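Reading the structure
Here's the letter readout for the chains.
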Amino acid sequence: TGVQTCASEGGFLGTLKSDAQIAICCANHGTYSSAGNKPYASAGSEGLSYAYGLTWTEHSGEFALGNHGGTPCTFYETFLEAGDHLICCTEGWATGIFVTTPEVVCT
């Protein structure tokens, strides 16, 4: 077993070698606060503890995943500059990230 990246499942901890458009799918079912299960990112330059505000675009529609019934997650997208990042969803599980640049190094 490896180190769990986020408090729940999924997410990303690694280095983007170039600026990239990224997406993540956050669980949309279960018991969450009124704020819901939303994505966030933290900067490696701040010891991965400083969550910075990004504009996340929510994709419309419903999304299914293999080996999971129904449409269990909501996709969000944002732009990140190159560097070290921790990307998670606030209250529940997430997928990994989807990246528009091919050079990603996971730590």
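Residues numbered from 1 in each chain as written. Predicted model: local features only at pLDDT ≥ 70, side-chain atom pairs only at ≥ 80, totals over all residues. Heavy atoms only, no water.

Broken down by element type, the protein carries zero helices and ten strands. Counting over 107 residues, the protein shows a buried share of 36%. The long-range fraction of contacts in the protein, counting pairs at least 24 apart against all pairs at least 6 apart in sequence, stands at 74%. (Helix = DSSP H or I, 4+ residues; strand = E, 2+ residues; numbered from the N terminus. Buried < 20%, exposed > 50% of the residue type's maximum accessible area, 1.4 Å probe, protein only. Contact = heavy atoms within 4.5 Å.)

This next bit is on the confidence of the model for the protein. When pLDDT is averaged across the protein, the result is 78; 79% of the residues are at 70 or more. This model gives residues 45-50 a pLDDT under 50, and the stretch forms nine contacts once residues within four places in sequence are excluded. (pLDDT = per-residue confidence, 0-100.)

Enumeration according to the criterion identifies three disulfides in this entry. Put simply, C6 and C88 are joined by a disulfide, and their sulfur atoms are 1.9 Å apart. Handedness here is read from the sign of the S-S torsion; for C6 and C88, about -85 degrees, the answer is left-handed. Of this pair, C6 sits in the segment before β1 (12-16) while C88 sits in strand β8 (residues 83-89); the two residues are 82 residues apart in sequence, bridging distant segments of the chain. The same class applies to C6 and to C88, which are both buried. Linked covalently through their sulfurs, C26 and C89 form a disulfide whose S-S length is 1.9 Å. (Disulfide = S-S within 2.5 Å.)

With that out of the way, let us pick up the environment of H29. Tracing the sequence through the fold places H29 in the loop between β2 (20-27) and β3 (39-43). You can call H29 partly exposed: its relative accessible area is 34%. Filtering out sequence-adjacent residues up to four positions away, H29 remains in contact with H68, P72 and W93.

Moving on to the nonpolar core. Ranked by internal contacts, the top residues of the largest apolar core, which has 14 residues, are I22, I24, W56, L80, I87 and I97. At four residues, the largest contribution of residues to this core is made by β2. Each residue touching I87, except ones within four places of it in the same chain, is listed here: C6, G11, F12, I22, I24, Y40, A41, W56, L80 and I97. In terms of nonpolar packing, the next biggest core, distinct from the first, is built from six residues, A23, C25, A27 and F75 among them. (Core = buried A, V, L, I, M, F, W, Y, C linked by side-chain atoms within 4.5 Å.)

This brings us to the environment of C6. With relative accessibility at 9%, the residue C6 sits in the buried group. Remark: the alpha-carbon pair of C6 and L86, spanning 80 residues in sequence, is separated by 8.2 Å. Sequence-distant contacts of C6, defined by excluding residues within four places in its chain, comprise G11, F12, L86, I87 and C88.

To continue, consider the side chain of T95. Secondary-structure assignment places T95 in strand β9 (residues 94-99). According to the relative accessible area criterion, T95 is buried, its value standing at 12%. Discounting residues that sit within four places of it in the chain, T95 has contacts with G10, G11, I24, C25 and L65.

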